[in-house]
Amino acid sequence: MLATDLRDLPSADQDRVWNTPDFVAEEKLNGIRALLHIGQSESRLTTRVRSKRTGLYLERSDNFPHLRDLPVSFLEGTVLDGELLLDKARLFTGTTWAHGSLSCTMAVCSSSPARAVEIQGREGKADYCVFDIIRDRGAAVEGFPLSERRRRLESVFVELRKRGISLESLRLVPQVQEKKRAFYAQVLRDGGEGVMLKHRDGLYQHAGRSPRVLKAKRSLTVDGFIIGSTAGKNGNAGLVGSLRIGVYDADTGEIREIAGVAPYDLSRGPKKSNLRRAMTVLLSGAPELAPGFQGRVVEIEAFCWNKNARLVHAKLARFRPDKDKADCRVDFSSLGVADAVDPG
């Protein structure tokens, strides 16, 4: 189930989401989505990524034995939905450094079980942060509204506490129904990415984008210009893939690439934003960026800068015909102290 960006809604609808009690807010975590399948002898952890070889969701149970071996057989048949999270600024995998909670969590997920256990023994165990339930002791509950699924999920955690089960690495993600804007502001002040906004009547979706699950994230804007493109793959074969965005380095005057973004102009609305075909010309049978787009100034929206001075979760917000590309300059020496820089 994918979330819709709150900023894609009209401003009046955005205000309604913040103010109505029909929506609840949860902190948006920057980890790896996973399902916990509780069995009789042990539990299984599967990510939401399918294996290219088998078509099945990737299993990572042995990478997290502290979660696999939880004594929760009384919940057999229960399936929880949540986020694996190793909330570290950085860690050493044995061969390289991972920076930020997402990269650190991915490093453990993608390692061999032995390496994953070794890393967590050194850096601390990953948490499993639960925000939904899709089976309750074998009974399917996807068709129930979120409010009922949440009630059942909270009951599960009440029972876990009564039975003395350690919740050190198994956490229930808090929900806020009132003062959601204040909660969002506090999450950002604490260095978080943002919040998820969920309608209390919303049903669980295994795939696709739900209009009843919204995300509000930290963002910054940077003006840059298009310096090229990559070739599209799979369903976009024969078209441009990503647009390469550059700026001038304020110190050296050289052009530096800061992001790759999909060729979508978000200011045109969801039905007219895809410019992939308009941006593509074929030269000797190969897709190239149409000359009319080369060098055009665009406003880029992103979560933050990373340690390599590239924008994280970048997307094209709008074209800026009112701005010259000579004005697209970034003082890279100051990024280390900017509020929007990823602490990793």
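Residues numbered from 1 in each chain as written. Predicted model: local features only at pLDDT ≥ 70, side-chain atom pairs only at ≥ 80, totals over all residues. Heavy atoms only, no water.

Q: Would you mind going over the overall build of the protein with me for this structure?
A: Each helix and strand in the protein was counted, giving 6 helices and 23 strands. A globule of 344 residues ought to have a C-alpha radius of gyration of about 20 Å, and the protein, at 22 Å, matches this closely. If you line up the protein on its principal axes, its C-alpha atoms span 65 × 50 × 45 Å. Looking at the protein residue by residue over its 344 residues, the buried ones come to 45%. Summarising the internal contacts of the protein: among those between residues at least 6 apart in sequence, 64% fall at separations of at least 24. Accessible area of the protein: about 17,500 Å², with a carbon and sulfur share of 49%. Across the protein, the 54 positively charged side chains and the 44 negatively charged ones have centroids separated by 4 Å. (Helix = DSSP H or I, 4+ residues; strand = E, 2+ residues; numbered from the N terminus. Rg over C-alpha atoms; globule rule 2.2 N^0.38 Å. Buried < 20%, exposed > 50% of the residue type's maximum accessible area, 1.4 Å probe, protein only. Contact = heavy atoms within 4.5 Å. Areas by Shrake-Rupley, 256 points an atom, 1.4 Å probe, with all protein chains shown as cover. Lys, Arg positive; Asp, Glu negative; His and termini not counted. Charge placed at Lys NZ, Arg CZ, Asp CG, Glu CD.)

Q: What's the story with the nonpolar core in this structure? I'm lost.
A: Most often, soluble globular proteins keep nonpolar side chains buried together rather than apart. By size, the foremost hydrophobic cluster in this structure holds 32 residues, and its most contacted members are L45, F64, L80, L84, Y128, L160 and L170. If we ignore the near neighbours within four places in the chain, the residues touching L160 are V72, F74, L75, I165, L167 and L170. (Core = buried A, V, L, I, M, F, W, Y, C linked by side-chain atoms within 4.5 Å.)

Q: When you look at helix α3 (residues 100-110) in this model, what are you seeing that I'm missing?
A: Side chains that are three or four residues apart share a direction in an α-helix, a result of its 3.6 residues per turn. Those residues of α3 that sit buried are G100, S101, C104, T105, A107, V108 and C109. Of the surrounding elements, those touching the buried residues of α3 are β3 (32-38), β6 (79-85), β7 (90-92), β8 (97-99) and α4 (113-123).

Q: Looking at this structure, how should I read the packing of aromatic side chains?
A: Geometry of an aromatic ring pair is reported as the spacing of the ring centres plus the angle between the planes. Within the structure shown, the criterion is met by 5 aromatic pairs. Pairing W18 with Y184 gives two aromatic rings, centres 5.4 Å apart and planes at 35°, and the pair type is tilted. On the criterion of sequence distance, the pair formed by W18 in helix α1 (residues 11-19) and Y184 in helix α6 (residues 180-189) is long-range, its members being 166 residues apart. For Y184, a relative accessible area of 18% corresponds to the buried category. Pairing W305 with F332 gives two aromatic rings, centres 6.1 Å apart and planes at 75°, and the pair type is edge-to-face. Residue W305 is located in strand β20 (residues 304-305), and its partner F332 is located in the segment after β23 (329-330); the two are separated by 27 residues in the primary sequence. Take W305 and F332: they sit in the same class, and that class is buried. We note R256 situated over the ring of F332; from NZ or CZ to the ring centre the distance is 3.9 Å. Positioned above the aromatic ring of F319 is the side chain of R296, whose terminal nitrogen or guanidinium carbon lies 4.3 Å from the ring centre. (Phe/Tyr/Trp six-rings, centres within 6.5 Å; stacked < 30°, edge-to-face > 60°. Lys NZ or Arg CZ within 6 Å of the ring centre and 35° of its normal.)

Q: Could you clarify how one ought to interpret helix α5 (residues 146-162) in this entry?
A: Here α5 is 17 residues long and its end C-alpha atoms lie 24 Å apart, about the 24 Å a rise of 1.5 Å per residue gives. Looking at α5, one finds that the buried residues are L146, R149, R150, L153, V156, F157 and L160. Down the axis of α5, the smallest arc covering the buried residues is 115°, so these residues share one side. Those residues of α5 hidden inside the fold are in contact with β2 (23-27), β6, β9 (127-136), β11 (170-172) and β12 (194-199). (Expected span 1.5 Å × (residues − 1). Arc of directions from axis to C-beta.)

Don't take any of this as a statement about function, it's just geometry.
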